[in-house]
Structures are given as C-alpha cells and as structure tokens.
Amino acid sequence: MLRGIDVSHHNNLNKILSIIDKPDFCIIKATEGKTYKDPMLEQNIKTCLKKRIELGFYHYARPENNTPIQECKNFLDSVQFYAGNAIFALDWEGEALNHPIKWAREFMQYFYYATGVRPLIYTSAAYTNRLKPLLDDNYGLWVAHYTKKPKPEIGPYPFWAFWQYASPDHNYTGKPCVCDYDYFNGDFSRLKAYMQKL
C-alpha cells in the first residue's frame, strides 16, 4: 500500500513537504467548472516533479452550471499532456451529489476517449451505493471516508483504488494532519497501471 496526499491552492505544498515524510504520490487540483484553473497547479506540478513524487490531477465538478463536455475540455486543456504518466479523477461532491450520476459518466467517458486513460471517481463513502454505472464502465474509485475502521465503505465496488482517510477537519490518525491524506491500494507497478493508456 502506498501513502500520498491531495492538495489545491488552499495548501502550501512546499511547506507540507517540509513537515511530513515524502509521499509516494500527490493528487493536485487542476480545474473546476468550465473555466477555472487552480492558480497553484503549475507550481505544484514543478514541486512534485522535482521531488520525484508520482503525479495525479482532479477536476472539481460543477454540474449545476455546465455540461460535462464543457468541464472536461477545461480539465483536458490543463492536464492532457500528462496522460499516460499521471492519475486523473473527477471530484464528485458538494452540489454535484444532487445531480444525476449520468453527468459524471459522460465526463469520464469524454476524458477516456480523448486520452485513452480511465479517470477515477472521487466521492464520499455515503454516496458510493449510487456508483454502479461507473463500476460497470470500469472506472475506479477514490473514496473519502474518515474512520478508525480498517476499511472504508465502498458500495458496489469490490475494492477501492484510493482512500482519503484523513484531513485537517477529519483526523483520526492521532497525529497532526496538515492536508488530505490518502492510501493507494497497491504498489508502484499497480499505480502505473492506473496511469496507462488503454
């Protein structure tokens, strides 16, 4: 099992890396909606490349405002260059949870057709029972579940790919938590498999 973090402009990645042990991977916020690009995206990429930390990127969905294709194009414009060498995920939380999962499926299909890489869905454990359409299309799960239990709830999925197990607001680790902490369910070779173009 690998250990990693996820960050956005709300975090100072260089400061985080001066406090914690070097993570195996870092999933970076890239975009949101149809036009927003995280202002720290390029700097966070440079930091990860310099530190030899495996890269990942996520897009925060705003289905209340836009179509899945509009938003996916924004994501692609910012991170498509890394296809084959990074993890990609759709962040499905907040207002998005009130919208049909069909929207997420269309976003993920468009990304897959454009890059050859299957993105993952990031969502809360409580929502995973609605993800059967994404499981049927072989999209992996990144689940947020802050618990002392040995494993998260994952709905119909047979296993989780990533598990966000702690954050500054939800910390059961017994240690200081300076950002979101994640596990990957495998070793580096399996992580690379999630990055590959199919």
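The coordinates are above.
The paragraphs below set out a description of the structure included in this document. (Residues numbered from 1 in each chain as written. Predicted model: local features only at pLDDT ≥ 70, side-chain atom pairs only at ≥ 80, totals over all residues. Heavy atoms only, no water.)

Quick look at the overall build of the chain now. A count of helical and extended segments in the chain gives six helices and nine strands. Overall, the C-alpha framework of the chain stretches about 40 × 35 × 30 Å when taken along its three principal axes. Per-residue burial over the chain gives 54% buried out of 198 residues. Considering only intrachain contacts with a sequence separation of at least 6, the fraction spanning at least 24 residues in the chain is 59%. Of the side chains in the chain, 24 bear a positive and 21 a negative charge, and the two mean positions are spaced by 4 Å. (Helix = DSSP H or I, 4+ residues; strand = E, 2+ residues; numbered from the N terminus. Buried < 20%, exposed > 50% of the residue type's maximum accessible area, 1.4 Å probe, protein only. Contact = heavy atoms within 4.5 Å. Lys, Arg positive; Asp, Glu negative; His and termini not counted. Charge placed at Lys NZ, Arg CZ, Asp CG, Glu CD.)

Before going further, it helps to spend a moment on the pattern of salt bridges. Throughout the structure, instances matching the rule amount to eight salt bridges. In this structure, Lys 102 and Glu 106 form a salt bridge, with 4.0 Å as the shortest nitrogen-oxygen distance. Taken together, the residues Lys 102 and Glu 106, both in helix α4 (residues 101–115) and four residues apart, mark about one turn of the helix. Between Asp 137 and Arg 105 there is a salt bridge; the shortest N-O distance is 2.6 Å. With Asp 137 in the loop between α5 (132–136) and β7 (141–144) and Arg 105 in helix α4, the pair connects residues that are 32 residues apart, well separated along the chain. One network of salt bridges, in which partners are shared, links Lys 29, Glu 32, Arg 62 and Glu 64. (Salt bridge = Lys/Arg side-chain N within 4 Å of Asp/Glu carboxyl O.)

In this section: the environment of Val 7. Here Val 7 lies in strand β1 (residues 2–7). Residue Val 7 is classed as buried on the basis of its relative accessible area, which comes to 2%. Aside from chain neighbours lying at most four places away, what touches Val 7 is Leu 13, Ile 16, Cys 26, Ile 27, Ile 28, Lys 29, Asn 44 and Tyr 58.

To continue, consider the packing of aromatic side chains. Within the structure shown, the criterion is met by 21 aromatic pairs. Between Trp 163 and Tyr 165, the ring centres sit 6.3 Å apart and the planes meet at 70 degrees, which makes this aromatic pair edge-to-face. Accessibility assignment for this pair places Trp 163 and Tyr 165 in one class, buried. Chaining the aromatic ring pairs together yields one cluster made of Phe 57, Phe 75, Phe 81, Tyr 82, Phe 88, Trp 92, Trp 103, Phe 107 and Phe 111. The residue whose ring lies beneath Arg 118 is Tyr 139, and the NZ or CZ to ring-centre distance is 5.6 Å. The residue whose ring lies beneath Arg 190 is Phe 159, and the NZ or CZ to ring-centre distance is 4.9 Å. (Phe/Tyr/Trp six-rings, centres within 6.5 Å; stacked < 30°, edge-to-face > 60°. Lys NZ or Arg CZ within 6 Å of the ring centre and 35° of its normal.)

Locating Asn 11 in the fold gives a position in the loop between β1 and α1 (13–19). A distance of 3.0 Å separates the side chain of Asn 11 from the backbone nitrogen of Ser 8, its partner in a polar contact. Those residues within four positions of Asn 11 in sequence are excluded, and the remaining contacts are Asp 6, Ile 16, Val 178 and Cys 179. (Polar contact = N/O pair within 3.5 Å; in protein donor to acceptor, adjacent residues only side chain to side chain.)

So, about the nonpolar core. Core analysis: the biggest nonpolar cluster contains 53 residues, and Ile 5, Ile 28, Phe 57, Phe 88, Leu 90, Trp 92 and Ile 121 have the highest contact counts within it. When residues in this core are grouped by element, the largest group, seven residues, is from α4. When near neighbours in sequence (up to four residues on either side) are disregarded, Leu 90 contacts His 59, Ala 61, Trp 103, Ala 104, Phe 107, Met 108, Leu 120, Ile 121 and Tyr 122. If you look at the next biggest cluster of nonpolar residues, it comprises 16 residues, including Leu 2, Ala 89, Tyr 122 and Ala 161. (Core = buried A, V, L, I, M, F, W, Y, C linked by side-chain atoms within 4.5 Å.)

Note that every value here comes from positions in space, so none of it alone points to a role or purpose.
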